[in-house]
Amino acid sequence: MKGIVWYKNRDIGFEKMRQIMEGYEMMDIGIKNSNLYQSQDQITVEYTNGDIWKCVPAYESMRGNRANISLVERAIDRDFLLKVILPITFMPPYKACDFYGEGELGWR
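Because the structure is a prediction, the values reported are computed rather than measured. (Residues numbered from 1 in each chain as written. Predicted model: local features only at pLDDT ≥ 70, side-chain atom pairs only at ≥ 80, totals over all residues. Heavy atoms only, no water.)

Caption draft 1: Up close: unusual backbone geometry. Residues other than glycine seldom take positive phi values, yet Asp-28 does so here, at roughly 60°. With respect to the secondary-structure elements, Asp-28 resides in the loop between helix H1 (10–26) and strand E2 (31–34). (Helix = DSSP H or I, 4+ residues; strand = E, 2+ residues; numbered from the N terminus.)

What follows is the structure, encoded as structure tokens:
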């Protein structure tokens, strides 16, 4: 499975990524590879079960990513969701999109 945490506010996005990482730790799934210690706007973590999670800013340059699951900060613009995030959230065998944080974006 491949998942992406999309953020507009870096601290909020990184906090969501930390929560995901804690969930894997609680399930005793270890980290195979990561870039956690680099100072940048993105985080990538590959787990021993094959799952890969990225935490990326909501920039047009992120169109090259692909995922089964997208977790989207509600502060992100609705047009960006429709034009960038939803089209790249398509990988089989399933796909999902959910929202976190404060803002108006979401399924209402």
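Still more ground to cover, so stick around.
Caption draft 2: Molecular detail of the pairing of strand E5 (residues 69–73). By the criterion of burial, E5 is predominantly enclosed, with 5 of the 5 residues buried. What you see with E5 is no split at all: Ile-69, Leu-71 and Glu-73 on one side and Ser-70 and Val-72 on the other are buried throughout. Pairing analysis gives 4 bridges linking strand E1 (residues 2–7) to E5, with the strands arranged parallel. Across the sheet, Ile-4 pairs through a bridge with Ser-70, a residue of E5. In this view, the connection linking E5 to its parallel neighbour strand E6 (residues 96–100) by way of helix H2 (residues 78–88) has right-handed handedness. (Buried < 20%, exposed > 50% of the residue type's maximum accessible area, 1.4 Å probe, protein only. Pairing = 2+ DSSP bridges. Right-handed = clockwise from strand over helix to strand, strands pointing away.)

Caption draft 3: Fine view of H1. Across its 17 residues, H1 extends 24 Å between first and last C-alpha, which sits within 8% of the 24 Å expected from 1.5 Å per residue. Every buried residue belonging to H1 is among Gly-13, Phe-14, Met-17, Ile-20, Met-21 and Tyr-24, and all of these are buried. End-on view of H1: buried residues confined to an arc of 115°, all on one side of the axis. Within H1, the exposed residues directed more than 90 degrees away from the buried face are Asp-11 and Met-26. On its buried face, H1 is in contact with E1, E2, strand E3 (43–47), strand E4 (52–57), E5 and E6. Phi turns positive, to about 60°, at Asp-28, one or two residues after H1. (Expected span 1.5 Å × (residues − 1). Arc of directions from axis to C-beta. Contact = heavy atoms within 4.5 Å.)

Caption draft 4: Molecular detail of the environment of Phe-90. Within the secondary structure layout, Phe-90 lies in the loop between H2 and E6. Each C-alpha atom, one on Phe-90 and one on Asn-68, is 5.8 Å from the other, the two residues being 22 residues apart in sequence. Phe-90 has contacts with Arg-66, Ala-67 and Lys-95, leaving out every residue within four places of it along the chain.

Caption draft 5: Spotlight on empty space enclosed by the protein. Scanning the entire structure with this criterion turns up 1 cavity of 30 Å³ or more. In terms of lining residues, the largest cavity is bounded by Lys-2, Gly-3, Ile-4, Ile-52, Lys-54, Asn-65 and Arg-66. Elements represented by at least two residues in the lining of the largest cavity include exactly E1 and E4. Counting residues per element, the lining of the largest cavity draws most heavily on E1, which supplies 3 residues. Residue classes in the lining of the largest cavity are distributed as 2 nonpolar, 2 polar and 3 charged. (1 Å grid on protein atoms, 1.4 Å probe; cavity = no way out; pocket = protein on both sides within 12 Å on 5 of 7 lines; lining within 4 Å. Points joined across faces, edges and corners; volume = space filled by probe spheres on them. Nonpolar A, V, L, I, M, F, W, Y, C, P; charged D, E, K, R; others polar.)

Caption draft 6: Spatial organisation of the sheet that holds E1. The strand order across the open sheet formed by 6 strands is E2-E3-E4-E1-E5-E6, and the pairing between neighbours is mixed. Bordering the open sheet on either side are E2 and E6, each of which pairs with just one other strand. The sheet shows a mean angle of 15° between the axes of neighbouring strands, direction not considered. Relative to the sheet, H2 contacts E1, E5 and E6, its axis offset from that of E1 by approximately 165°. (Axes fitted to C-alpha atoms, helices over the stretch in contact; angles between N-to-C directions.)

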